[in-house]
Amino acid sequence: MGISITGSQGNKASGLATQVFEMKEDAGRADYMQLIREKMDEMQEKIDSGNIQPSFATGAQSYTVQEWDKLLRQFDKSEKVLQEAQRDEIEERTGQKQREVEERSTGVLNHSVLGSEDKEAVS
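Residues numbered from 1 in each chain as written. Predicted model: local features only at pLDDT ≥ 70, side-chain atom pairs only at ≥ 80, totals over all residues. Heavy atoms only, no water.

Draft legend 1. The overall build of the chain, seen in detail. Across its full length, the chain carries two helices and two strands. Listing every helix and strand of the chain by position from the N terminus yields α-β-β-α. For the chain, the proportion of its 123 residues judged to be buried stands at 2%. Total accessible area on the chain stands at roughly 11,500 Å², and carbon and sulfur atoms take up 56% of it. (Helix = DSSP H or I, 4+ residues; strand = E, 2+ residues; numbered from the N terminus. Buried < 20%, exposed > 50% of the residue type's maximum accessible area, 1.4 Å probe, protein only. Areas by Shrake-Rupley, 256 points an atom, 1.4 Å probe, with all protein chains shown as cover.)

What follows is the structure, given as C-alpha cells:
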C-alpha cells in the first residue's frame, strides 16, 4: 500500500513539490532563452562579418541572392542550349524542304524538257 500524507505535512509536501517543479520549469525556460540568445548573437556576428546573406523563400525552397543568381545563370545557359538546338532543327527542316522543292521543280523541268524532246523526236 502507498503512503499517504495528511494534514499540514501533506500541504507542505505538495507545496515543496510544486516549488521544485516550478524551479525546474524556470531553469528549463532560462536554458532555452540562453540558447536563443546565443543563436541570435551568432547570427548577428555572421551578418556583420558578411558571412551570411539574407535568403528569400520561393515556394518550398529558400535562396540567398548568390544562390538565386547562380540558379538563373544555369537556367539561362540551359535555355540557350535548347534554343540553339531548336534553331538547328528548324534550319535543317527548312533546308530539307527547300531541297525537296528544288528536286520537284527540277523534276518537273526535266519531265517537261524530256517530254518536248520526245515529241520532237517522234514527229
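Additional details are given in the paragraphs that follow.
Draft legend 2. Quick peek at the environment of Asp 48. Mapped onto the fold, Asp 48 is located in helix H1 (residues 8–49). At 2.9 Å, the side chain of Asp 48 forms a polar contact with the side chain of Gln 44. (Polar contact = N/O pair within 3.5 Å; in protein donor to acceptor, adjacent residues only side chain to side chain.)

Draft legend 3. Structural context of the pattern of salt bridges. Considering all chains together, one arrives at three salt bridges under this definition. The partner of Lys 39 in a salt bridge is Glu 42, and the shortest N-O contact between them spans 4.0 Å. You can see Lys 39 and its partner Glu 42 sitting in helix H1, three residues apart, about one turn around the helix. Relative accessible area serves as the criterion here: at 44%, Lys 39 is assigned to the partly exposed category. The closest approach of N and O atoms between Glu 42 and Lys 46, which form a salt bridge, is 3.7 Å. (Salt bridge = Lys/Arg side-chain N within 4 Å of Asp/Glu carboxyl O.)

Draft legend 4. Focus on the pairing of strand S2 (residues 61–64). Two strands pair when backbone bridges link them, and strand S1 (residues 55–58) and S2 are joined in this way by four bridges, in the antiparallel orientation. Paired with Phe 56 across the two strands is Tyr 63, which belongs to S2. The hairpin turn running from S1 into S2, its antiparallel successor, is two residues long, and Gly 59 in that turn takes a positive phi close to 70°. (Pairing = 2+ DSSP bridges.)

Draft legend 5. Just a negative patch on the surface, in detail. Taken together, the side chains of Glu 38, Asp 41, Glu 45 and Asp 48 present a region of like negative charge at the surface. Within the fold, Glu 45 resides in helix H1. Taking the relative accessible area as the measure of exposure, Glu 45 reaches 56% and is therefore exposed. (Patch = residues over 30% accessible without salt bridge, like charges linked within 9 Å, V, L, I, M, F, W, Y side chains within 5 Å. Lys, Arg positive; Asp, Glu negative; His and termini not counted. Charge placed at Lys NZ, Arg CZ, Asp CG, Glu CD.)

Draft legend 6. Fine view of a nonpolar patch on the surface. Side chains of Met 33, Ile 36 and Met 40 sit close together on the surface and give an oily, nonpolar patch of about 300 Å² of accessible area. Tracing the backbone through its elements, the reader meets Met 40 in helix H1. The exposure class of Met 40 is exposed, given its relative accessible area of 53%.

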